[in-house]
Amino acid sequence: MAAMDDSHLLKLWEDFVEGYARQPLRELETHYPTKKSLEIDFGDVQRFDHELAERLIDKPDVAIAALEKLIKKPTAGVLEGVPFEPHVRIKNVPENNLLIQNISSTHIDHLISIKGIINKRADVLHKVKVALYRCLMCDHVLRVPITRKDVAPQICPECKRRSLKLEEEGCYFVDIQRAEVQELLERLKGGTPAARLELYMEDDLVNRLTPGESVEVVGVVRLRPPLKPKGKREEVAGIYTRFLDVNNIVHMSKDFEDILITPDEESLWRYATSDVAP
């Protein structure tokens, strides 16, 4: 895929919003921050521009960040003074029958869609999204957005001394949660064990999953840096674990025609629903 500069990407998203998402965006502005996400149909993106759809799959961090930047506003929603900074959630991403066991290194940092059953969910934790640092020497205040690749600042930009202290009371926190999804058993062949994948969720995706339910999950495949094991060889530390940074969750419901009923169960159902005289 050819490279796409930021200005071209923003222009494509601007035209897309005008043609496909103007009304949903207005509705979101009305209900924000009670509702925090703008849902985008991947099929609409494909119909609008095939190159943009490819960008969304191959470079989701860049593509989604560009759209979120475009729709941000200083104020909007039901609470005056609250910055309008919604999430962009993608739905109807082609799954292409991708099994959890077949997720490979080619999917790293790509947007994928998988189906599975939730087998466990952890408690909600809290992560610093915007950190507030205060210099102990000159009292300078520094606000720093925290992303996956950011390193905590050490030197005050004013007095150039290593005297910054994190002030937790002034930080902005976001809820986070981890869960685990397992391969749907009906999609496995023979005695193949069900593969599992860790899920990572933030903000309005927290507590959206319940163990035992079947879901379709859209997200970006990430790698977790390895910890060097004590007493192990140096090369062991180069093995990474993977997880899915969840972008969207769709709850699956089983159609009635997909439920197999035995003849005995059918007879029992007919008897139970018939008018039986006392």
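Remember, predicted model here, so these are calculated numbers, not experimental data. (Residues numbered from 1 in each chain as written. Predicted model: local features only at pLDDT ≥ 70, side-chain atom pairs only at ≥ 80, totals over all residues. Heavy atoms only, no water.)

K.L.:
Got a minute to help me understand the nonpolar core in this structure?
P.N.:
Generally speaking, soluble globular proteins have nonpolar side chains that are buried together. Among the nonpolar cores identified, the biggest contains 28 residues, and Trp-13, Ile-40, Val-45, Leu-56 and Ile-90 are the most heavily contacted of them. Elements with a minimum of two residues in this core: helix H1 (6-31), strand S1 (37-41), helix H2 (42-48), helix H3 (50-58), helix H4 (60-71), strand S2 (87-91) and strand S9 (214-224). In contact with Ile-40, other than residues within four places in its own chain, are Phe-16, Ala-21, Val-45, Leu-67, Val-88, Arg-89, Ile-90 and Lys-91. (Core = buried A, V, L, I, M, F, W, Y, C linked by side-chain atoms within 4.5 Å. Buried < 20%, exposed > 50% of the residue type's maximum accessible area, 1.4 Å probe, protein only. Helix = DSSP H or I, 4+ residues; strand = E, 2+ residues; numbered from the N terminus. Contact = heavy atoms within 4.5 Å.)

K.L.:
Could you clarify how one ought to interpret the layout of surface pockets in this entry?
P.N.:
Rolled over the atoms, a probe with the dimensions of a water molecule shows which regions are left empty. A volume near 1,700 Å³ is recorded for the largest pocket. For the lining of the largest pocket, the secondary-structure elements that each account for two or more residues are H4, S2, strand S4 (125-135), strand S7 (172-182), strand S8 (196-202), S9 and strand S10 (241-251). Grouping the constituent residues of the lining of the largest pocket by class yields 23 nonpolar, 3 polar and 18 charged. (1 Å grid on protein atoms, 1.4 Å probe; cavity = no way out; pocket = protein on both sides within 12 Å on 5 of 7 lines; lining within 4 Å. Points joined across faces, edges and corners; volume = space filled by probe spheres on them. Nonpolar A, V, L, I, M, F, W, Y, C, P; charged D, E, K, R; others polar.)

K.L.:
Mind showing me how you'd approach the pattern of salt bridges here?
P.N.:
It is possible for side chains bearing opposite charge to pair when their charged atoms get close. Summed over the entire model, instances satisfying the criterion amount to 18 salt bridges. Across the salt bridge formed by Lys-127 and Glu-202, the nearest N and O atoms sit 3.1 Å from each other. In this pair, Lys-127 is assigned in strand S4 and Glu-202 in strand S8, connecting sequence segments 75 residues apart. Under the relative-accessibility criterion, Lys-127 is labelled partly exposed at 22%. Here Glu-202 falls in the buried class, since its relative accessible area comes to 16%. A salt bridge links Glu-198 to Arg-224, with the shortest nitrogen-to-oxygen separation between them at 3.1 Å. Residue Glu-198 is located in strand S8, and its partner Arg-224 is located in strand S9; the two are separated by 26 residues in the primary sequence. (Salt bridge = Lys/Arg side-chain N within 4 Å of Asp/Glu carboxyl O.)

K.L.:
I tried to follow the packing of aromatic side chains on my own but got confused; where do I start?
P.N.:
Any aromatic ring pair is given by two values, namely how distant the centres are and how the planes are angled relative to each other. On inspection of all chains with the given rule, the structure shows 6 aromatic pairs. Relative to Phe-48, the ring of Tyr-20 has its centre 6.1 Å away and its plane inclined at 80 degrees; by these criteria the two rings are edge-to-face. Here the residue Tyr-20 occupies a position in helix H1, and Phe-48 occupies one in helix H2, the gap between them amounting to 28 residues. Site record: aromatic cluster; members linked through ring pairs are Trp-13, Phe-16, Tyr-20 and Phe-48. (Phe/Tyr/Trp six-rings, centres within 6.5 Å; stacked < 30°, edge-to-face > 60°.)

K.L.:
Can you help me understand the confidence of the model for the protein chain in this one?
P.N.:
For residues with low pLDDT, the predicted coordinates do not support detailed interpretation. This prediction gives the protein chain a mean pLDDT of 85; 82% of its residues lie at or above 70. Ranking the elements of the protein chain by mean pLDDT puts helix H5 (residues 263-273) last, at 56, and H2 first, at 97. (pLDDT = per-residue confidence, 0-100.)

K.L.:
Got a minute to help me understand the side chain of Asn-248 in this structure?
P.N.:
For Asn-248, the location among the structural elements is in strand S10. Looking at Asn-248, its side chain comes within polar contact range of the main-chain oxygen of Ile-90, at 3.1 Å. Each residue touching Asn-248, except ones within four places of it in the same chain, is listed here: Glu-39, Arg-89, Ile-90, Lys-91, Leu-205, Glu-216, Val-217 and Val-218. (Polar contact = N/O pair within 3.5 Å; in protein donor to acceptor, adjacent residues only side chain to side chain.)

K.L.:
Just checking my understanding: could you explain the packing of H3 against H4 for this structure?
P.N.:
How two helices sit against one another is set out by the angle between their axes and by the gap between those axes. Remark: H3 packs on H4, axes separated minimally by 5 Å, with the N-to-C direction vectors making an angle of 115 degrees. Across from Arg-55, Leu-56, Ile-57 and Asp-58 in H3, the residues of H4 making contact are Pro-60, Val-62, Ala-63 and Ile-64. Across the contact of H3 with H4, the residue classes tally to 6 nonpolar, no polar and 2 charged. (Axes fitted to C-alpha atoms, helices over the stretch in contact; angles between N-to-C directions.)

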